[in-house]
Structure formats: structure tokens, C-alpha cells
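A closer look at the structure
This is what each chain is made of:
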Amino acid sequence: MHAPAPLAPGSDVTVRLVKHPRPDVRYPAVVAGDDGTHLVVRAPWAGAAERDFGFVRFEYGDVFTEHYWRDRWYSVKEVRAADGRVKGWYCDVTRPARVEPGTLVVEDLDLDLWLSADHRTILRLDEDEFLESGLAERDPAAAGRAREALDDLERLAREDGFASILDPDRPGRG
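Let me begin by describing the structure that accompanies this report.

Criteria and cut-off values
- Residues numbered from 1 in each chain as written.
- Predicted model: local features only at pLDDT ≥ 70, side-chain atom pairs only at ≥ 80, totals over all residues.
- Heavy atoms only, no water.
- Helix = DSSP H or I, 4+ residues; strand = E, 2+ residues; numbered from the N terminus.
- Rg over C-alpha atoms; globule rule 2.2 N^0.38 Å.
- Buried < 20%, exposed > 50% of the residue type's maximum accessible area, 1.4 Å probe, protein only.
- Contact = heavy atoms within 4.5 Å.
- Areas by Shrake-Rupley, 256 points an atom, 1.4 Å probe, with all protein chains shown as cover.
- Lys, Arg positive; Asp, Glu negative; His and termini not counted.
- Charge placed at Lys NZ, Arg CZ, Asp CG, Glu CD.
- Core = buried A, V, L, I, M, F, W, Y, C linked by side-chain atoms within 4.5 Å.
- Phe/Tyr/Trp six-rings, centres within 6.5 Å; stacked < 30°, edge-to-face > 60°.

1. Considerations on the overall build of the protein
Secondary structure summary: the protein contains four helices and eleven strands in total. Its C-alpha radius of gyration of 16 Å places the protein within 12% of the 16 Å reference for a compact globule of 174 residues. Along the first, second and third principal axes, the C-alpha atoms of the protein reach 45 × 35 × 35 Å. Residues counted as buried form 45% of the 174 residues belonging to the protein. A fraction of 45% describes how many contacts in the protein between residues 6 or more apart in sequence connect residues 24 or more apart. For the protein, the accessible surface area stands at approximately 9100 Å², while carbon and sulfur atoms represent 51% of it. A gap of 1 Å separates the mean positions of the 24 positive and 34 negative side-chain charges of the protein.

Set out below in C-alpha cells:
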């Protein structure tokens, strides 16, 4: 079976976050780039309401530039306020992304990481939800990959704030 053709920049796509056993989250996005492995979309904050996590507030007008990979167990989402200011990077541990007709499908594995805009705050999130999910019992190999992905995300956040994976041609990130 061959891989589907990359999505065309500027095309519309629905992002579908599969969140077992909770309902899936779906929202519209626009493809910014797709090289066949690394797919980038842009989407406005799609929550039903503004959400204050304590370390960041997601608000109407925020824009997420979301990076997905077909061969990695995570996604990285740069969060910008309506005025263009970077708020930080919200990362989800996921199974590798796949594309179905008109839809980017990502299975969320309940582990997350936050990197603040000033790169001073790195938070590992939702480890309790991950334990409660039962993934370690249902699919120990996937649970191991999920833990490795969270460790990788933390290492990348500490090393260069994700510059090496989000913009490998530009050293450092502001």
C-alpha cells in the first residue's frame, strides 16, 4: 500500500483528535505545508469557550500552528495570541498522524507537555490521565512509545525550544 499524496498548502482539512474513551474533537484547519512526513496546519482556537490552564490561557483569536508527523509519536502546537505574540508550545503525545479524505486523524494518548514562550517553564501534563487510560495494560508497546515521546519532547524543549524539528534550517528560536 502506498502513502497518500501530501496535502496541498492552502487546502482546508478537518483535524480529528481521537480521545478514547471521550468523544473525538474536530475542528477546521488550513494546510500550511506537507512534505509527506511532516504536516503543518493552522487553526484558530477551537474550544467551545476560553480555557485557563493556570500556566496559559487559550482565548478566542489565538492561532495554533500545529506540527504533525506520520512517523513520530507526538505533535507540537505553537500558540500565538491574536496580536501575534507567542504564548508557548503545547505538545500532545499521540500515535503517528494519518490522513483520511479531508481529515487529519491523530490519536491522543493523554500525555502532554507545555513550553512557555520564554522557554523557562516546561511542564509535563496529564500523567494521571495517562495512567487512568489503561493503555499500559491494553497496549504496553504503545504505552512505552508514549513515555519515550514525552521524554523526547522534554529533551527537545530544553535543547532548543523545538527549533530543530519545527524549523531545522534556522538555528535557535525567539
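Still more ground to cover, so stick around.
2. With respect to the nonpolar core
Residues Y74, V76, V93, L113, L153, F162 and I165 are the most contacted members of the largest nonpolar core, which totals 26 residues. At the level of elements, β7 (74-80), β8 (86-94), β10 (103-116), α3 (140-160) and α4 (163-166) are the ones that each hand at least two residues to this core. In terms of residue count, the dominant contributor to this core is α3 (eight residues). When residues no more than four places from it in sequence are discounted, the contact partners of L113 are W89, Y90, C91, I122, L123, R124, L125, L150, L153, E154, A157 and F162. Ranked by size, the runner-up nonpolar core spans 15 residues in total, among them V15, Y27, A29 and V41.

3. A closer look at unusual backbone geometry
With a phi angle near 65°, D126 is a residue other than glycine that sits in the positive phi range. Structurally, the position occupied by D126 is in the loop between β11 (122-125) and α1 (127-133). Using a relative accessible area of 23% as the deciding quantity, one classes D126 as partly exposed. Phi angles above zero are rare outside glycine, and F162 is one such case at about 80°. Turning to its location among the elements, F162 is positioned in the loop between α3 and α4.

4. Notes on the packing of aromatic side chains
Scanning the model with the defined rule gives ten aromatic pairs in all. Judged by centre distance (5.5 Å) and plane angle (45°), the rings of F55 and W114 are tilted. Of this pair, F55 sits in the loop between β4 (51-52) and β5 (57-58) while W114 sits in strand β10, and the two are 59 residues apart along the sequence. For F55, a relative accessible area of 28% translates into the label partly exposed. Overall, the relative accessible area of 1% leaves W114 in the buried class.

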